[in-house]
Amino acid sequence: MKGLTVRWSLGDAADGVEAELATYVEGTSHARFTGMAGLRFKTWRMRTGEWFEGCYVFVSDEARAEFQDTFTATAADAPGSKIVGSPPILIEACEIVAVAEGWDGFEAGSRYE
């Protein structure tokens, strides 16, 4: 499977940016990627005061390349960049070696607390 990581630094971001990012994911971004053609799944990850990232897994090289090219061309104006106040520090393609589903199953959600 074909992966892509997009990461923003939160080192110089304003106080409270983490809550703003979580609200954006819950209210807008989650719906945008749910059901997206060519995308197997997306995970949003964050370390408070350090970084915020999207981890994407695509069905093919072509789907990943198309998304990566489009995103990279507009990364500085992406909603995440506007919220954080700077463009991503990393846009990196990768290979997904394996995915395991635990005993308790997969739980899709627009926000976890």
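Draft legend 1. A look at the pattern of salt bridges. Inspection of every chain in the model, using the stated rule, returns eight salt bridges. The partner of Glu-50 in a salt bridge is Arg-47, with the nearest N and O atoms 3.1 Å apart. When its relative accessible area of 44% is taken as the criterion, Arg-47 is described as partly exposed. With its nearest N and O atoms 3.7 Å apart, the salt bridge here joins Arg-64 to Glu-95. Taken together, the positions of Arg-64 in helix 2 (residues 61-74) and Glu-95 in strand 4 (residues 90-95) put the pair 31 residues apart, joining distant regions of the chain.

Draft legend 2. Fine view of the environment of Ala-93. With respect to the helices and strands, Ala-93 occurs in strand 4. Apart from residues no more than four positions distant in its own chain, Ala-93 is found in contact with Gly-3, Leu-4, Arg-64 and Gln-68.

Draft legend 3. Geometry of the sheet that holds strand 4. Strand order in this open sheet of four strands is 2-3-1-4, and the pairing throughout is antiparallel. Whereas interior strands pair on both sides, the edge strands pair on one side only; in this sheet they are strand 2 (39-47) and strand 4. When the angles between neighbouring strand axes are averaged without regard to direction, this sheet yields 15°. By the bridge criterion, six bridges tie strand 1 (residues 2-9) to strand 4 in an arrangement that is antiparallel. Paired with Leu-4 across the bridge in strand 4 is Ala-93. Each of strand 2 and strand 3 (51-58) is contacted by helix 1 (residues 17-33), which is oriented at about 175° to strand 2, the strand it contacts most. Across the sheet, helix 2 touches strand 1, strand 3 and strand 4, and the angle it forms with strand 1 is around 20°.

Draft legend 4. Region of interest: the environment of Met-46. The residue Met-46 is located in strand 2 in this model. On a C-alpha basis, the gap between Met-46 and Val-25 in space is 12 Å, while along the polypeptide they are 21 residues apart.

Draft legend 5. Spotlight on the nonpolar core. Leu-10, Leu-21, Tyr-56, Phe-58, Phe-67 and Phe-71 are the most contacted members of the largest nonpolar core, which totals 21 residues. Where this core is concerned, the elements lending two or more residues are strand 1, helix 1, strand 3, helix 2 and helix 3 (79-84). When residues of this core are assigned to their parent elements, the largest contribution, five residues, is made by helix 1. Those residues in contact with Phe-67 that lie beyond four places of it in its chain are Leu-4, Arg-32, Phe-33, Met-36, Tyr-56 and Phe-58.

Draft legend 6. Seen up close, the pairing of strand 2. Two elements, strand 2 and strand 3, share eight bridges in a ladder whose sense is antiparallel. When the sheet's bridge partners are listed, Lys-42 is paired in strand 3 with Tyr-56. Following strand 2, the chain reverses through three residues before pairing antiparallel with strand 3; Gly-49 in that reversal takes a positive phi of roughly 75°.

Procedures and definitions
Residues numbered from 1 in each chain as written. Predicted model: local features only at pLDDT ≥ 70, side-chain atom pairs only at ≥ 80, totals over all residues. Heavy atoms only, no water. Salt bridge = Lys/Arg side-chain N within 4 Å of Asp/Glu carboxyl O. Buried < 20%, exposed > 50% of the residue type's maximum accessible area, 1.4 Å probe, protein only. Helix = DSSP H or I, 4+ residues; strand = E, 2+ residues; numbered from the N terminus. Contact = heavy atoms within 4.5 Å. Pairing = 2+ DSSP bridges. Axes fitted to C-alpha atoms, helices over the stretch in contact; angles between N-to-C directions. Core = buried A, V, L, I, M, F, W, Y, C linked by side-chain atoms within 4.5 Å.

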